Every structure is written in structure tokens, then in C-alpha cells.
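# Breakdown of the fold
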Amino acid sequence: MKLKGINVEAIRKDFPILKRKINGKSLIYFDNAATSQKPRQVINAISKYYSLYNANIHRTIHKLGVEATEAYENVRDKVVKFINAKHREEVLFVRNTTEAINLVAYSWGRANISKGDTILLTEMEHHSNIIPWQLLAKEKSANLKYIGITDDGFLKDDEIKEYLDNHPKILAITHVSNVLGTINPIKEIVRYAHKNGVIVLVDGAQSVPHMPVNVQDLDCDFLAFSSHKMLGPTGVGILYGKRELLENMEPFQGGGDMIKEVHLNYAKWNDLPWKFEAGTANIADVIGFGAAIDYLNKIGMENVRAHEVDLTSYALNKMSEIENLKIYGPIDVNYRCGVISFNIGNIHPHDVATILDSEGIAIRSGHHCAQPLMERLNVPAVNRASFYIYNTKEEIDIMVNVLKEIKEVFKI
Ligand code: 7TS
């Protein structure tokens, strides 16, 4: 089962959950865009921290505290390398992608957005890259504008240019759509945005786990992503920001660790990156995230991407053979990730997901926290199968067979 550098059989042995039976069937986990499963290396790293060197960080000189601080800060270095940031001060630990975007909307947004300014988004954003900007726009009487989508699931090129030419203050855009799977041409968009003096925040929640992402190459100003979608634990996210921007931003939250000195009536902020890490950090899960990065590095992100391209083109072919099954998003796998959203006739997605679940197959159905996109597609909901390193073509065959049975039962 060796696939373009990936030994899926060996990988699967590292994931204890894949041994589970669901309704007597082997679990087929196709809900990776929501959260990925965790290998034993990640679970063990968390357990080892609590068993052997649990202590608070950045404040103690005892052995356990030093070990915990080193382990936590080592993970920052791993993230710096993983996304090729220029400086370690540019990588901040937060709770998730959502918190990373809220941090920018709060700290950068409140200082830089004024009445009448435009915040540019796209119609394929996840709610977490819409709501923080809606809150900001309301507070500042600013405008929101959305780049539209073609029927093939791409951003409209002419609108990208037209809207950027009108000098919005910021473009907040997803790298990969969590519904359509579309990979947006971020590097080109950033270049065009910068020509117009526009800051760009990239939502990397669905890209960083699945392909090589290099912030210096993309030249984006901010990048947000979550550990839990890339083999790591929940409760850890990353905000990358260019040093100069972060230096000029006020803190997001106040409290311990983010200060240098505090007096009764004033305080001085800590250096980057700690200025933005108030309170006791999620130490254990950051350490777990480090193990996840090690795991992905061992496979190689090029190989992760190649495996998913292979699975996705296989699934797209098989699924397109099913009459009345509509697939959303680009058909060419060069422009899409391993996320396949679909509907079968007018069968409600929750019915499809329930029947698949009875066969041990986990997919997601619903609006996928992208209601404006659902409105654009003119559907209330879709089914979504999303793949990762431990998935196989055999699993896709099993899903496709059940989908065919569903079609028969519903007489579609
Ligand atoms: N941005 C995108 C593109 C996402 O897909 C998600 C989560 C988020 C942001 C938010 O990430 P969080 O870790 O802060 O929650 N997407 C999904 C999904 O598609 N199904 O469940 C969560």
C-alpha cells in the first residue's frame, strides 16, 4: 500500500482510534477537515509531560519548570521552521484559528480600521473569518466587501483585482476552502494586494495541515491555523505575523506573562512573542503539537499532499460515476485539496451522513460554518468527505458503494 512515499499501512498502526469498530464495522474516518485523529506519538508526548515534568513555564528556576519551558519554546522553533518564518518572535501560540483571527481583528483592526474603511473578504470564508470582521466593521462603521465565486468554485479574478484596486485596508482570505476544497492563488493575490498597500491575513486552517506552506514565499502578513486539524491536540493554534506589524500592535489580552513591569497605574509590555501570550499557556497541548509537527515532517508535507491528490482524484472519479450526485468545487485536483462536498439528488445530507454512520463511515453534513457560501451555492447543506494521511482507496470504495445503495433506496 506504499503510495508516493507514504506508507499508509505503517501510519495506520500509529493511530489507536482506527482500531475502533462503529456499529460492528471498521471505522472509516472521513471528517478530517473538522479535526484529524491523533497518533500515539502525540498522545504519549502529552502524557509524558504530565507524568514527568509538569510545571508552569517562564517563571521558575526549578528543574521541572526549566524542562517545561524548554519543551514549550522548542515547539515554537519547530513551527518557525515548519512555515519558514523569518523570526521566532513572529510565531504566537493561541487557542485555535478562530482566536488567531480575532486577535488580528482586535489588536490590528482597532488601531488601523476607521469609519468608511473597507475590509475585504471572500464568499468562501469560514464563519471564523467573517464574524470577527463583522464585529469590527460594526464598531468602526467600516464596510465589508466580499470577492465572489464562479460556478466552478474559484474566486472571481476580475473582482479580486477590482476590489484590491479600491484600496481596502485588509484582505482576510482562506488559503483552502473547507467546503469547496479550492486552493486559492495566495502568492499572486498577496503580490497584487501589496502593490495596493493592502495587508493580507491568510486563514491557513485547511492548507497548513495538507501541503507545504512557506510564509516568506507567500509573503502574507498574517497566517492563522489550528493544531487539531494536523494531528495535534485541540486548544492550540498559531498566529504568524510579520514582526514589524506585531511590534506595532497593542496586546490582545492582559495578565501574567505578557508584561515586563507592572505599576499601580501603568505597565510595560513583554517582548514578542510573549506580549500576546497572556496567562498560563496550554503547555501540554503545545508540547503535543510539537510531536505532531515531528510526525508530519517525518512523512514530508510534499508526500502528504501527493497522497491526498491521489485519493482525491480517485474519489472524484468514482463519485462522478454516480448519477445525480453533485460535487461542489473545482474538478481539477491541481486546484483543490482532499475535501469533497456533495449532494445526492434532494436527499437531505443528514440522512446521507446517518446512513454512512451506520456503516462506520464518518463524514460531516450541514452548513460547515460557511452559511454565506451555502447561500451562494443555493443549498441549505452539503455532505463532506475529507481525507488525510491514514485514508485509503479501499475506504473510498466502501463509501462509494454505500452512496450507490443510498441512491437506490431513495429511488433518486
Ligand atoms: N477556517 C477554516 C477554513 C476552517 O475550516 C475552520 C474550521 C476554521 C477556520 C476554524 O478553526 P478552529 O480550529 O478555530 O475551529 N473548520 C471546520 C470544519 O470545516 N468543520 O469543522 C470545523
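Preceding block: the structure.
Below, the structure is looked at part by part.

Rules used throughout
- Residues numbered from 1 in each chain as written.
- Predicted model: local features only at pLDDT ≥ 70, side-chain atom pairs only at ≥ 80, totals over all residues.
- Heavy atoms only, no water.
- Helix = DSSP H or I, 4+ residues; strand = E, 2+ residues; numbered from the N terminus.
- Rg over C-alpha atoms; globule rule 2.2 N^0.38 Å.
- Buried < 20%, exposed > 50% of the residue type's maximum accessible area, 1.4 Å probe, protein only.
- Contact = heavy atoms within 4.5 Å.
- Areas by Shrake-Rupley, 256 points an atom, 1.4 Å probe, with all protein chains shown as cover.
- Phe/Tyr/Trp six-rings, centres within 6.5 Å; stacked < 30°, edge-to-face > 60°.
- Lys NZ or Arg CZ within 6 Å of the ring centre and 35° of its normal.
- Pairing = 2+ DSSP bridges.
- Axes fitted to C-alpha atoms, helices over the stretch in contact; angles between N-to-C directions.
- Near = heavy atom within 4 Å.
- Polar contact = N/O pair within 3.5 Å; in protein donor to acceptor, adjacent residues only side chain to side chain.
- Nonpolar A, V, L, I, M, F, W, Y, C, P; charged D, E, K, R; others polar.

With that settled, consider the overall build of the chain. Each helix and strand counted, the chain has 14 helices and 19 strands in total. The C-alpha atoms of the chain give 22 Å as radius of gyration, which agrees with the globular expectation for 412 residues (22 Å, within 12%). By the burial criterion, 56% of the 412 residues in the chain qualify as buried. Taking the intrachain contacts of the chain between residues at least 6 apart in sequence as the baseline, contacts between residues at least 24 apart amount to 71%. Total accessible area computed for the chain in this model is approximately 17700 Å², and 49% of it derives from carbon and sulfur atoms.

Considering all chains together, one arrives at nine aromatic pairs under this definition. Residues tyrosine 106 and phenylalanine 252 carry aromatic rings whose centres are separated by 5.5 Å and whose planes lie at 65° to one another, so their mutual orientation is edge-to-face. On the criterion of sequence distance, the pair formed by tyrosine 106 in helix H4 (residues 97–112) and phenylalanine 252 in the loop between helix H9 (243–247) and strand E13 (259–262) is long-range, its members being 146 residues apart. One aromatic cluster in this structure is built from Phe15, Tyr295, Tyr388 and Tyr390. Across from the ring centre of tyrosine 163, 4.9 Å away, lies the NZ or CZ of lysine 145, which sits over that ring. The lysine or arginine in question, lysine 161, covers the ring of tyrosine 192, its NZ or CZ lying 5.8 Å from the ring centre.

Read from one edge to the other, the open sheet built from four strands follows the order E15-E16-E19-E18, with strand pairing classed as antiparallel. Pairing within the sheet leaves two strands with one partner each, and these edge strands are strand E15 (325–328) and strand E18 (364–366). Looking at each pair of strands side by side, their axes are set apart by 30° on average, direction ignored. Bridge analysis of E15 against strand E16 (residues 339–344) gives four bridges, and the strand direction is antiparallel. Following the sheet pairing, isoleucine 327 is matched in E16 by phenylalanine 342. Taken strand by strand, helix H11 (residues 301–320) contacts E15 and E16, and its axis lies near 10° from that of E16.

Further remarks concern the site of the ligand. For the ligand, the set of nearby residues contains 17 residues, the closest of which are Thr98, Asp203, Gln206, Arg364 and Arg384. A distance of 2.8 Å separates an oxygen atom of the ligand from a polar side-chain atom of asparagine 178. Between arginine 384 and the ligand, the recorded distance is 2.6 Å, taken from a side-chain N or O atom to an oxygen atom. Relative to its unbound accessible area of 490 Å², the ligand is 89% covered by the protein chains. Of the residues assigned to the shell around the ligand, the class counts are three nonpolar, 10 polar and four charged.

Turning our eyes to something else, we now look at the sheet that holds strand E11 (residues 222–226). Strand order in this open sheet of seven strands is E6-E12-E11-E10-E9-E7-E8, and the pairing throughout is mixed. Looking at strand neighbours, the two that pair on one side only are strand E6 (91–94) and strand E8 (143–147), the edges of this open sheet. Strand after strand, the sheet turns through a mean of 20° between neighbouring axes, direction not considered. With four bridges joining them, E6 and strand E12 (residues 237–241) adopt antiparallel strand pairing. Bridge pairing in E12 links valine 94 to glycine 237. Contacts from H4 reach E6, strand E9 (170–174), strand E10 (199–203), E11 and E12 within the one sheet, and its direction differs from that of E11 by about 150°.

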